[in-house]
Amino acid sequence: MKKKVGIIYGGRSAEHEISLLSAKNVLDAIDKEKYEPVLVKIDKDGHWEMSEVFKFDVIFPILHGPFGEDGTMQGYLKLTDIPFVGPGVLGSAVGMDKDVMKRLLRDAGIPIGKFLSVKKHEKPLSFAEVEAALGSPFFIKPANMGSSVGISKVRNEAEYTAAVKDAFQYDTKIIIEEFINGREIECAVLGNEEPAASLPGEIIPAHDFYSYDAKYLDEKGASLKIPAKLDEETTKRVQELAVKVFQVLCCEGLSRVDFFLKPNGEIIVNEINTIPGFTKISMYPKMWEASGISYTDLITRLIELAVNRFEKERELKTSFV
């Protein structure tokens, strides 16, 4: 009998439109010999077009950003006692909050760039204070957001004031990061207890940085190299570091880890994305395609990983009853 798969998409995040594209692609590509897919949309106000999720055998939450990728949805799905694709509550929450994520990576000895975090209710840092700590230029981002929403590159005090105001539109906490001159390398991770890393890919922005417009609106905003042109030793280091980041942040199922490769060969971790863009031309599935796993097979593997994890967790629960 086919498993009924609920594809939850949309949501209250500023990344709503990206989720729509990802869900359509998953629906088109899912193996319909094995699965019966059903779309479940959440609108921008948080209203569900189908309030009952208990009828599904497994859930594929293709939600990006807050209220979907931050542990909120994962907590709800845990309560429904239905297997779901992707990291659980803890991995999703720490992966979404760039401040917490970076502190955990730093404590684990993983190389990251210098950063500061500021909450909305706190005394703001001056441009001079930030420049003294991080140098110039630097980046300002909402702590909990993805797809480059609310990100600004800052070079002077006027840009700083505008960037802080913009970032606080999306979150009550912002993160300020040093500028790192390096190639933008990404690596996909797949698995539960024994995760594997794909061949890395590279993003080559056509503009100042890989902005939201460059990702989704400007067809010439960036070029993608999959696999990235890296020597064997660097490829191995990227893959090993991607798996380590995945494990340190308590992730399961899937994630994409983003890096900077400096001219001297040093690899710096930028961030993790626990539900990365999932259209058929997105980096995560394209890197796995280059590694020998088709888009349809990747969806199947993710569903199987979700079910296997759920069954192991259920066995553990019943052993204590």
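Please read all numbers here as calculations on a predicted model, not as lab measurements. (Residues numbered from 1 in each chain as written. Predicted model: local features only at pLDDT ≥ 70, side-chain atom pairs only at ≥ 80, totals over all residues. Heavy atoms only, no water.)

J.: Explanation requested: the pattern of salt bridges in the structure shown.
T.: Close approach of charged atoms lets side chains of opposite charge pair. Enumeration according to the criterion identifies 18 salt bridges in this entry. One salt bridge in this structure joins E186 and R256, with 3.1 Å as the shortest N-O distance. Residue E186 is located in strand 8 (residues 183–191), and its partner R256 is located in strand 12 (residues 253–261); the two are separated by 70 residues in the primary sequence. Residue R256 is classed as buried on the basis of its relative accessible area of 11%. Through salt bridges with shared partners, a single network forms among D97, D99, R103 and K173. (Salt bridge = Lys/Arg side-chain N within 4 Å of Asp/Glu carboxyl O. Helix = DSSP H or I, 4+ residues; strand = E, 2+ residues; numbered from the N terminus. Buried < 20%, exposed > 50% of the residue type's maximum accessible area, 1.4 Å probe, protein only.)

J.: So what exactly am I meant to see when it comes to the pairing of strand 10 (residues 201–205) here?
T.: Along any regular strand, the residues point their side chains to alternate faces of the sheet. Two elements, strand 8 and strand 10, share three bridges in a ladder whose sense is antiparallel. Bridge pairing links E184 to I203 in strand 10. By the bridge criterion, four bridges tie strand 10 to strand 11 (residues 222–225) in an arrangement that is antiparallel. For E202, the partnering residue across the bridge sits in strand 11 and is K225. (Pairing = 2+ DSSP bridges.)

J.: Which parts of the structure should I look at to understand the pairing of strand 3 (residues 58–61)?
T.: Both faces of strand 3 are covered, namely the face carrying V58 and F60 and the face carrying I59 and P61. The pairing of strand 1 (residues 3–10) with strand 3 spans four bridges and is classified as parallel. Within strand 3, the residue paired with G6 across the bridge is I59.

J.: Is there a simple way to explain the layout of surface pockets in this structure?
T.: If a probe as big as a water molecule is rolled over the atoms, it shows which places are left empty. Counted as a void, the second largest pocket has a volume near 160 Å³. When the residues that make up the lining of the second largest pocket are grouped by side-chain class, the tally is two nonpolar, one polar and five charged. (1 Å grid on protein atoms, 1.4 Å probe; cavity = no way out; pocket = protein on both sides within 12 Å on 5 of 7 lines; lining within 4 Å. Points joined across faces, edges and corners; volume = space filled by probe spheres on them. Nonpolar A, V, L, I, M, F, W, Y, C, P; charged D, E, K, R; others polar.)

J.: Help me understand helix 2 (residues 72–80) in this model?
T.: Think of an α-helix as 3.6 residues a turn; residues three or four steps apart then line up on the same face. All of the buried residues along helix 2 are M73, Q74, L77 and T80. One side of helix 2 holds all its buried residues, which, seen down the axis, span an arc of 115°. Where helix 2 is buried, its residues touch strand 1, strand 2 (35–42), strand 3 and helix 3 (89–96). Directly after helix 2, the chain includes D81, whose backbone phi takes a positive value near 60°. (Arc of directions from axis to C-beta. Contact = heavy atoms within 4.5 Å.)

J.: What is the right way to look at the sheet that holds strand 6 (residues 152–154) in this model?
T.: Note: strands within a sheet are paired through backbone hydrogen bonds, in either parallel or antiparallel orientation. Sheet architecture is open: four strands sit in the order 4-7-5-6, paired in antiparallel fashion. The open sheet terminates on both sides in strands that have one partner only, identified here as strand 4 (115–119) and strand 6. Here the strands of the sheet are splayed against their neighbours by 25° on average, with no regard to which way each runs. The pairing of strand 5 (residues 138–142) with strand 6 spans three bridges and is antiparallel. Following the sheet pairing, F138 is matched in strand 6 by V154. Contacting strand 4, strand 5 and strand 7 (173–178), helix 4 (residues 98–107) runs over the sheet at an angle of about 50° to strand 7. (Axes fitted to C-alpha atoms, helices over the stretch in contact; angles between N-to-C directions.)

J.: What is the right way to look at the environment of P37 in this model?
T.: Within the secondary structure, P37 sits in strand 2. It is 24 Å that separates the C-alpha atoms of P37 and P66, two residues lying 29 residues apart in sequence. Leave out the neighbours within four places in its chain, and P37 touches V5, I7, L27, I30 and K32.

By themselves these figures say nothing about function.
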